Amino acid sequence: RRLVKMRSFKPRRAFLLLYLCLTRTFASSPTIPVFSPILRLTGGRVGEVFDSDHEMYSQTSSDDHHDPTGPVERGNRPREEQGDGGAFRLQAGGQSHHPAEPYSLDYQVEIKETKEAIKKLEQQLDKLQERIDDAGEKFLNATNQRDQDYWREEKKYLVEEKKNLVEKEKNLLAEKRYLVEKEKHLVEKEKYVQEERVIKLKMHYLRAEKSSNLEEYSDATIWKEAEVKLDGTGFDEDGKLFCLDGSYLKGVTDNEVPRRELLLYCREGFNKHWQFLREEVISNGALGWIQGPPGSGKTMTTLSFCFSQEMSEWSVTILRVGKDKMFRCIQTTGSKRRWCTSNNEMAAKLTGKTLSGWSEGQKRLVILDGMTRNIDAHERVYEECRCWRDADRKHRRLVVVTSMSSRGKVKDEEDRSNKLRAHNVVSWTLDEYLEAVQYDKLYKVVEPMLDAGNSTKVKPVKGARKNATKEERVRQKFYFAGGSCRYMFDTTTAEVMSSLTEAVRGTLDIPLLFRGLIGQSSPAAVNRLMATFYHRGELHWLPVSRYASAALASIAETSTLKRMVSDYGIENPLMRGWLFEMLFFEEVKRNGLSLTFRGEREQPVERWDKCLVELFNPNEEQAGSLPKARTCFRPVGYLQGGYDAVMVDREAQKVEFVQVTIAEKHSLKLMYLLEALKALGIPAGNGWNLRVIFVTLPTNLKDFQIEPAEDSGALETYGWKKGKERKKAEVAALDVTV
């Protein structure tokens, strides 16, 4: 039907269309004898077939553009294996094209035939014009009546014939134009096919070369060697510091020239980490799985154990895999060590070759650091290490160090078979930082990083001094670094802010992040925004710092924060409390808020207009005067006692301490309030109106309890009578309904 609707109908094309349709139906047959007459009819080859848009099928099958083996390999396969495309490439006698000239020859033949058809059309047009001119001349030269009658009828016939010829001429001219366009199309197609063939051949040869030379690349890996000093390695300061020679870190970290000495503070988590490695891994032969958030000290604590005197009988290999597609291998035996660098694609091959080169029966320990489940190269390296360990569990040990929030889907039977034991490393607390800087030897090393109060790139904190004490500098930096020891002691404040801001921008799902669902099923499998803490014996995920939480809250809608705080949101009580506090500050900063107060009041609902939120350090006296406009001061300290915010209105001489909590009861610590009043420079006396407000959830408003005041009488100079503080404190609810 398509061909009949065209400008000219060609029987040869109709037979060809029928042939192609039936060929696609019976292409699986090894031979198709019923179509041999049609092959002879079409000149021994399959030509082109045109639909209403001129091209239905071409000499090449579309399969050639999708078959990964390429046209060269397909040309060598038997016709039965070529699928539908093989039927289109048959020539007379059922022979396929030679692989060296797959389709270009057909294109050239078709172009030649097209040119010949154009030439024949032009000749036919000339002959038609000659017949028209001859008929007209004879009609004019008729002399007698009989001849005139004859030529009159002949003229009528010729006029009718002329009309038909003119119409045919129009069709032929149209087809001529089409054939010219077809010729151009075939030339472009020939060029494209040739380029595609070259690309496929190059890819084929590159894959073959890569596969055949993979072993050669592994052998060509350049290893660097060095001597390791053991004199400076060990405990110091009565076991509170661990000193590690910087030469151990060469090849382990990105820094080519590491510090001469690495000092580690032996906090409680450090000792538990060592105990796990000593008892579970070395003594019991378990497959150790150490997990914790970035910056908690997993890698360095593991290295300190491996390079300690306890491990002098063991040879250690450290395999570092990362998301930067770089792979590092470090081997240490006694005072001799060597290391090399490769890429993740070669990691598994290099790991297998390195581990297989060790002799049997000797004590060997392998540390796989940076493992991430959703990266295929990491999985292959892990399998190589696990198989190596299984071959001799008596003398071989394996420890995996990862920043993933979990191991993903846990398979109990497989874990029992592998004798897998897991250990969680928690983030650092403010008290641990303060204890660490008490050792001058460590403080001298980390002092340049405690620059939150001195950095020109950081907005100054209210009350911060340039010449602050070590404790003050730690508290200032803690607002930004939080539970990450790397951020606290090994990164400047400006770099911390940049890193966290970049991570916040890449956060895809804030509710998912706050629920702690950041394991291998999440695109954020290793997230530097989060930290871990134990609360009532359970491990909880929280934002790594107050700066990180504020940055996350700033990109979240208040409706999102309210949903997460509500009874149907986050179940983790610590996270809900943190989110409730973040919601309070965002409401103050964006829209203002309404508080519903408990008790008999003429106006139970009090409206607070939005105002500026500033940071301040309650442990240092403020430099300068208070701002004229009403301001909300947010303390930089972690888990600040007594209050979470201080609302100061200089013109109205009003100070409001706000404690944001989701708990059913809360303590009243007056000494913290007195310190904040002094730091803000608010004078004692009856001039300023002082309020203490506990902001809680609407569900807790009725039954919320304030515990007896601590340090009773501390605020007497500000108008709060001793023993009456508990009754004077107020309770209000912040609505979290969306």
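Residue positions are counted from 1 within each chain, in the order its sequence is given. Local features are withheld for residues below a pLDDT of 70 in this predicted model, meaning they are given only at 70 or higher, and side-chain atom pairs are given and counted only at 80 or more; totals for whole chains, interfaces and linings count all residues. As a rule here, side-chain values cover all heavy atoms of the structure and leave hydrogens and water aside.

With respect to the overall build of the protein chain
Numbering of helices and strands runs from the N terminus, with a helix taken as a DSSP run of H or I at least four residues long and a strand as a DSSP run of E at least two residues long. Within the protein chain, the regular secondary structure consists of 23 helices and 23 strands. Relative accessibility decides the category of a residue: with a 1.4 Å probe and only protein chains considered, values under 20% of the type maximum give buried, values over 50% give exposed, and everything between is partly exposed. Taken across its 738 residues, the protein chain has 49% of its residues classed as buried. Note on contacts: a residue pair is in contact if any heavy atoms of the two residues lie within 4.5 Å. The contacts of the protein chain with a sequence gap of at least 6 include a subset with a gap of at least 24, amounting to 69%. The Shrake-Rupley method, run with a 1.4 Å probe, gives the accessible areas here. Residue values count only the displayed protein chains as cover. Entry remark: accessible area of the protein chain is about 38,400 Å², with carbon and sulfur atoms responsible for 49%.

Re the pairing of strand S8 (residues 336–343)
When strand S1 (residues 224–227) meets S8, the two strands line up antiparallel, connected through four bridges. From the neighbouring strand, Lys 224 faces S8, where its bridge partner is Trp 339. Being paired, for any two strands, means DSSP has found at least two bridges between them. By the bridge criterion, eight bridges tie strand S7 (residues 326–333) to S8 in an arrangement that is antiparallel. From the neighbouring strand, Phe 327 faces S8, where its bridge partner is Ser 342.

A few points about the nonpolar core
Among the nonpolar cores identified, the biggest contains 76 residues, and Phe 489, Leu 529, Phe 580 and Phe 584 are the most heavily contacted of them. It is helix H21 (residues 573–590) that provides the largest number of residues to this core, a total of nine residues. Excluding its chain neighbours within four sequence positions, the residues that come into contact with Phe 580 are Val 565, Val 660, Thr 661, Ile 662, Val 695, Thr 696, Leu 697, Leu 734 and Val 736. Nonpolar cores were defined as sets of buried Ala, Val, Leu, Ile, Met, Phe, Trp, Tyr and Cys residues, with membership established by side-chain atoms within 4.5 Å. By size, the runner-up hydrophobic cluster in this structure holds 30 residues, among which are Phe 616, Phe 694, Phe 704 and Tyr 718.

Here's the deal with the packing of helix H19 (residues 546–555) against H21
In this analysis, axes come from line fits to C-alpha atoms, helices being fitted only over the stretch in contact, and the angle between any two N-to-C directions falls in the range 0 to 180 degrees. Packing of H19 against H21 brings their axes to within 10 Å, and their N-to-C directions diverge by 60°. One element, H19, and the other, H21, form an angle in the oblique class. Judged by the sense of rotation from one axis to the other, the crossing of H19 with H21 is right-handed. Seen from H19, the contacting residues are Arg 546, Ser 549, Ala 550, Ala 553, Ser 554 and Ile 555; seen from H21, they are Trp 578, Glu 581, Met 582, Glu 586 and Arg 590. Angle categories are assigned with fixed cut-offs, so that under 35 degrees is roughly parallel, over 145 is roughly antiparallel, 65 to 115 is roughly perpendicular, and the rest are oblique. Handedness of a crossing follows from how the near helix is turned relative to the far one, being left-handed for an anticlockwise turn of less than a right angle and right-handed for a clockwise one.

Remarks on the confidence of the model for the protein chain
Should the pLDDT be low somewhere, the predicted coordinates at that spot are not to be read in detail. The pLDDT score gives, residue by residue, the confidence of the prediction method on a 0 to 100 scale. Per-residue confidence for the protein chain gives a mean pLDDT of 75, with 67% of residues at or over 70. Contacts of residues 1–9 to residues separated by more than four positions or lying in other chains number 18 contacts, the stretch itself having pLDDT below 50. For the stretch residues 519–525, pLDDT sits under 50, and the model shows 20 contacts to residues farther than four places along the chain or on other chains.

Quick look at the environment of Glu 435
Tracing the chain through its elements places Glu 435 in helix H13 (residues 430–436). On the basis of relative accessible area, Glu 435 is assigned to the partly exposed category, the value being 41%. For the pair Glu 435 and Tyr 265, spaced 170 residues apart in sequence, the C-alpha separation works out to 8.9 Å.

A short note on the environment of Ile 693
Within the element layout of this structure, Ile 693 appears in strand S21 (residues 689–696). Separated by 34 residues in sequence, Ile 693 and Gln 659 place their C-alpha atoms 6.3 Å apart.

Focus on unusual backbone geometry
In this structure, Glu 237 takes a positive phi of about 55° despite not being glycine. The topology assignment puts Glu 237 in the loop between strand S2 (234–236) and strand S3 (241–245). When its relative accessible area of 35% is taken as the criterion, Glu 237 is described as partly exposed. If you check the backbone angles, Gln 653 has positive phi at about 50° while not being a glycine. You can see Gln 653 is positioned in the loop between strand S18 (645–649) and strand S19 (654–660).

Regarding the packing of aromatic side chains
Only Phe, Tyr and Trp rings take part, Trp by its six-membered ring, and two of them pair if their centres are within 6.5 Å. Stacked means planes under 30 degrees apart, edge-to-face means over 60, and tilted covers everything else. The full count for this structure, using the stated rule, is 20 aromatic pairs. Between the aromatic rings of Trp 428 and Tyr 433, the centroid separation amounts to 5.3 Å while the plane-to-plane angle is 20°, which identifies the pairing as stacked. In terms of burial, Trp 428 and Tyr 433 fall into one category: buried. Note on Tyr 479 and Phe 480: the rings are 5.1 Å apart at their centroids and 90° apart in plane angle, and the pair reads as edge-to-face. Take Tyr 479 and Phe 480: they sit in the same class, and that class is buried. An aromatic cluster is defined as three or more aromatic residues linked by ring pairs; in this entry it consists of Tyr 265, Trp 428, Tyr 433, Tyr 439, Phe 478 and Phe 489. Against the face of Phe 597 rests Arg 601, its NZ or CZ located 4.2 Å from the ring centre. If you follow Arg 634 out to its NZ or CZ, it ends over the ring of Phe 585, 4.3 Å from the centre. Two conditions define a charge located above a ring, namely a distance within 6 Å from the ring centre to NZ of Lys or CZ of Arg, and an angle within 35 degrees of the ring normal.

Structural notes on the sheet that holds strand S4 (residues 261–265)
Note: strands within a sheet are paired through backbone hydrogen bonds, in either parallel or antiparallel orientation. Taken together, the three strands give an open sheet; going across it, the order is S2-S3-S4, and neighbouring strands pair in antiparallel fashion. Strand pairing shows two members of the sheet lacking a second neighbour, S2 and S4, which therefore form its edges. With strand direction ignored, the average angle separating the axes of adjacent strands in the sheet is 35°.

Here we look at helix H22 (residues 670–680)
Every buried residue of H22 is accounted for by Leu 670, Leu 673, Leu 674, Ala 676, Leu 677, Ala 679 and Leu 680. In the stretch just after H22, Gly 681 is the one whose phi turns positive, near 80°.

Observations concerning the pattern of salt bridges
Side chains bearing opposite charge may pair, as long as their charged atoms lie close to each other. Between Lys or Arg on one side and Asp or Glu on the other, a salt bridge is scored when a side-chain nitrogen of the former is within 4 Å of a carboxyl oxygen of the latter. Counting across every chain of the model gives 25 salt bridges. The residue Arg 320 makes a salt bridge to Asp 369 at a minimum N-O spacing of 2.9 Å. Of this pair, Arg 320 sits in strand S6 (residues 315–321) while Asp 369 sits in strand S9 (residues 364–369), and the two are 49 residues apart along the sequence. Residue classification places Asp 369 among the buried residues on the basis of a relative accessible area of 6%. Among the charged side chains, a network of salt bridges with common partners joins Arg 601, Glu 606, Arg 630, Glu 656, Arg 691 and Glu 730.

Comments concerning the side chain of Glu 730
Residue placement: Glu 730 occurs in strand S23 (residues 730–734). Side chain to side chain, Glu 730 and Arg 691 meet in a polar contact 2.9 Å long. Those residues within four positions of Glu 730 in sequence are excluded, and the remaining contacts are Phe 597, Arg 601, Arg 691, Val 692, Ile 693 and Phe 694. Distance and chemistry together define a polar contact, namely a pair of N or O atoms within 3.5 Å, with one atom able to donate a hydrogen and the other to accept it when in protein, and with adjacent residues in sequence counting only for side-chain atoms on both sides.

Things to note about the packing of helix H10 (residues 344–356) against helix H11 (residues 376–391)
H11 packs onto H10 with a crossing angle of 10° between their chain directions and a minimal axis gap of 8 Å. Comparing the axis directions of H10 and H11 gives the class roughly parallel. Across from Asn 344, Glu 345, Ala 347, Ala 348, Thr 351, Gly 352 and Leu 355 in H10, the residues of H11 making contact are Ala 377, His 378, Arg 380, Val 381, Glu 384, Cys 385 and Trp 388. Of the residues that constitute the contact of H10 with H11, the class distribution is seven nonpolar, four polar and three charged. Side-chain classes follow a simple rule in which Ala, Val, Leu, Ile, Met, Phe, Trp, Tyr, Cys and Pro form the nonpolar group, Asp, Glu, Lys and Arg form the charged group, and the remainder, Gly included, forms the polar group.

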